[in-house]
Amino acid sequence: MSEVPAQTAHWNRQDFPAAAREMLENSQTRKNVQHATNVIQAKRNKVTAEMPDWEDLREAGAQVRAHALRHLDYYLTQFEANCTRAGGHVHWASDAVEANRIILGLVQQHQAKEVIKIKTMTSEEIGLNAHLEANGVRPVETDLAELIIQLGKDRPSHFVVPALHMNRQQVRAMFQREMNLPDLGDRPEDLATAARTYLREKFLRVKVAISGGNFLIADSGGICITESEGNGRMCLTLPDVLISIVGIEKVIPSFRDLEVFLQTLPRSATGERMNPYNSTWCGVHPGDGPKEFHVVLLDNGRSPILADKEARQTLQCIRCAACLNACPVYHQTGGHAYESVYAGPIGAILTPQLHSMGEGRSLPYASSLCGACYQVCPVKINIPEVLIHLRGKVVREDQATFAGKFSLWNIGMQAAAFLFKDASRLAMAERIGQIGQKPLVSKNGFIEWLPLMLNGWTQTRDLKAMPAQSFRDWWAKEKAPQANSSQRNEMGHDG
Ligand code: SF4
């Protein structure tokens, strides 16, 4: 049996600055990403604005998710008991290796050489497709965008619209090549028809399906999936065996809680008022749906996140991707720059934590901290707060090593902290800076080049030169005497 690494969510070819630089050079991808995110965001803004209780819904969503996380052990065991009672089988997987082994074992028990799949981020996270293929099982993605990614041997760049970085002409060329359809048109209906024809035969023939789950429902042992194309409904009902892999954080206490998320998720994700297909299923029922049902509950680094009080809110995420669409950094770089299954602002906090800060350490810095992600998040995850918390972790981990402690960056930051702690030291540094900058200032009053580590700033923009007079000096000369004299007058009057 071929094994996969325990952690696969991060592709780890290069860090964010290097990957982002590469992506920024691809003007077609940037154009595609900006167009698509602008369209989705405009739709999202419109349908959320028409909800008078939108803020209440966000607050309710945040509280339900936070409550479930605080009592995760209770709700997961409740889910397991109810799911088992309804005829399902629950498996616990501590990491990617274990989850892959369980799923492959179940597929092999049924001698399946092919499986059909509903779009699932958790299967991407554990590298399931590669593991199945390495062991002689062909996974077939049935979501249109995932199918495009799979046939194009590409990587997803957005978790609601995985092929968002491609335009219609690129998809058409790939379908023509991979489906042997030289006369295929490029209208959306042409592409949808080609995919439908390709998939229909598989829905009817393949006996094992693999899904994810948007929510695990503790009080019934059920699972809920929301989708737009109906491919999910086919995978959930036609095959004999259904295997669902879901992160442990996805549990909600009750069926009733869905009323919040079925309103906030589609509006945040695609700007739809409601998803066309909302499926919930629970165990097995003779003559209706799969004969065998398995749930794999995946930890894979989630428990340590839960244990971190400041970062725990990361697990509230319902994967709507609204934060990606709102993020000015994602707009420019697209998803591949994050080198991770989870892109954008949520990826920037989730990926490094899933890897105990070992990989993706540059990701907490992939943000302008503008707060747009926090404003749109339907479960109110304060992403900037977590980003800063994680940046602190990276710095402290670096400072604990010899190389980090004596790095130019750390020495520079220590020096800055020393200066900022005392007004007179800062004033002296300003005066030294005013004199020292003179050879670097060009005629237009800007500095176009800075030495050493400061060079990062001037690589992409100019720096305005320090003024001849600082605010501190101006205040001392112009305002302080006036303030002192009016204070004296007041004291005289009172006395
Ligand atoms: S962090 Fe919030 S906005 Fe981003 S994907 Fe998760 S739920 Fe959506």
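Going by the structure above, here's the rest.
Residues numbered from 1 in each chain as written. Predicted model: local features only at pLDDT ≥ 70, side-chain atom pairs only at ≥ 80, totals over all residues. Heavy atoms only, no water.

Caption draft 1: Representation of the sheet that holds strand β7 (residues 241-247) in the model. If you trace the six strands from one edge of the open sheet to the other, you get β1-β10-β7-β4-β2-β3, paired in parallel fashion. Lying at the two open borders of the sheet, with one neighbouring strand each, are β1 (89-93) and β3 (138-141). Direction aside, neighbouring strands of the sheet carry axes that sit 25 degrees apart on average. Its contacts with the sheet place helix α4 (residues 72-85) against β1 and β10 (292-298), and it is angled at close to 145 degrees to β1. (Pairing = 2+ DSSP bridges. Helix = DSSP H or I, 4+ residues; strand = E, 2+ residues; numbered from the N terminus. Axes fitted to C-alpha atoms, helices over the stretch in contact; angles between N-to-C directions. Contact = heavy atoms within 4.5 Å.)

Caption draft 2: Region of the structure containing the site of the ligand. Lining the immediate surroundings of the ligand are 14 residues, of which Cys317, Cys320, Ala321, Cys323 and Cys377 lie closest. A breakdown of the residues in the shell around the ligand according to their chemical character gives 13 nonpolar, no polar and one charged. (Near = heavy atom within 4 Å. Nonpolar A, V, L, I, M, F, W, Y, C, P; charged D, E, K, R; others polar.)

Caption draft 3: Inspection of the packing of helix α2 (residues 27-49) against helix α12 (residues 258-270) at higher detail. For the pair α2 and α12, interaxial distance at closest approach is 6 Å and the crossing angle is 145 degrees. Taking contact as the criterion, the partners of Ile40, Lys43, Arg44, Val47 and Thr48 in α2 are, on α12, Arg267, Ser268, Ala269 and Thr270. When its residues are assigned to classes, the contact of α2 with α12 shows three nonpolar, three polar and three charged.

Caption draft 4: Just the pattern of salt bridges, in detail. Under the definition given, this model contains 22 salt bridges. A salt bridge links glutamate 178 to arginine 177, with the nearest nitrogen and oxygen atoms 3.4 Å apart. The partner of arginine 302 in a salt bridge is glutamate 249, and the shortest N-O contact between them spans 2.7 Å. Of the two residues, arginine 302 sits in helix α13 (residues 302-307) while glutamate 249 sits in the loop between β7 and β8 (251-252), which places them 53 residues apart along the sequence. You can call glutamate 249 buried: its relative accessible area is 2%. The structure contains a network of salt bridges with shared partners spanning Glu114, Arg138, Glu201, Lys202 and Arg205. (Salt bridge = Lys/Arg side-chain N within 4 Å of Asp/Glu carboxyl O. Buried < 20%, exposed > 50% of the residue type's maximum accessible area, 1.4 Å probe, protein only.)

Caption draft 5: Layout of the pairing of strand β6 (residues 222-227). With respect to burial, β6 is a largely interior element, six of its six residues being buried. A two-sided burial pattern is seen for β6, the buried positions comprising Gly222, Cys224 and Thr226 on one face and Ile223, Ile225 and Glu227 on the other. In this structure, strand β5 (residues 215-217) lies alongside β6, joined through three bridges in antiparallel fashion. Each bridged residue has a counterpart across the sheet, and for leucine 216 the counterpart in β6 is isoleucine 223. Counting the residues that bridge the hairpin from β5 to β6 gives four residues, and of these glycine 221 lies at a positive phi of roughly 70 degrees.

Caption draft 6: Inspection of helix α18 (residues 383-399) at higher detail. Here α18 is 17 residues long and its end C-alpha atoms lie 24 Å apart, about the 24 Å a rise of 1.5 Å per residue gives. For α18, the full list of buried residues reads Ile383, Pro384, Val386, Leu387, His389, Leu390, Arg391, Gly392 and Val394. Against the buried residues of α18 lie α14 (322-326), α16 (344-354) and α17 (372-376). (Expected span 1.5 Å × (residues − 1).)

These results come straight from atomic positions and should not be treated as a statement about function.
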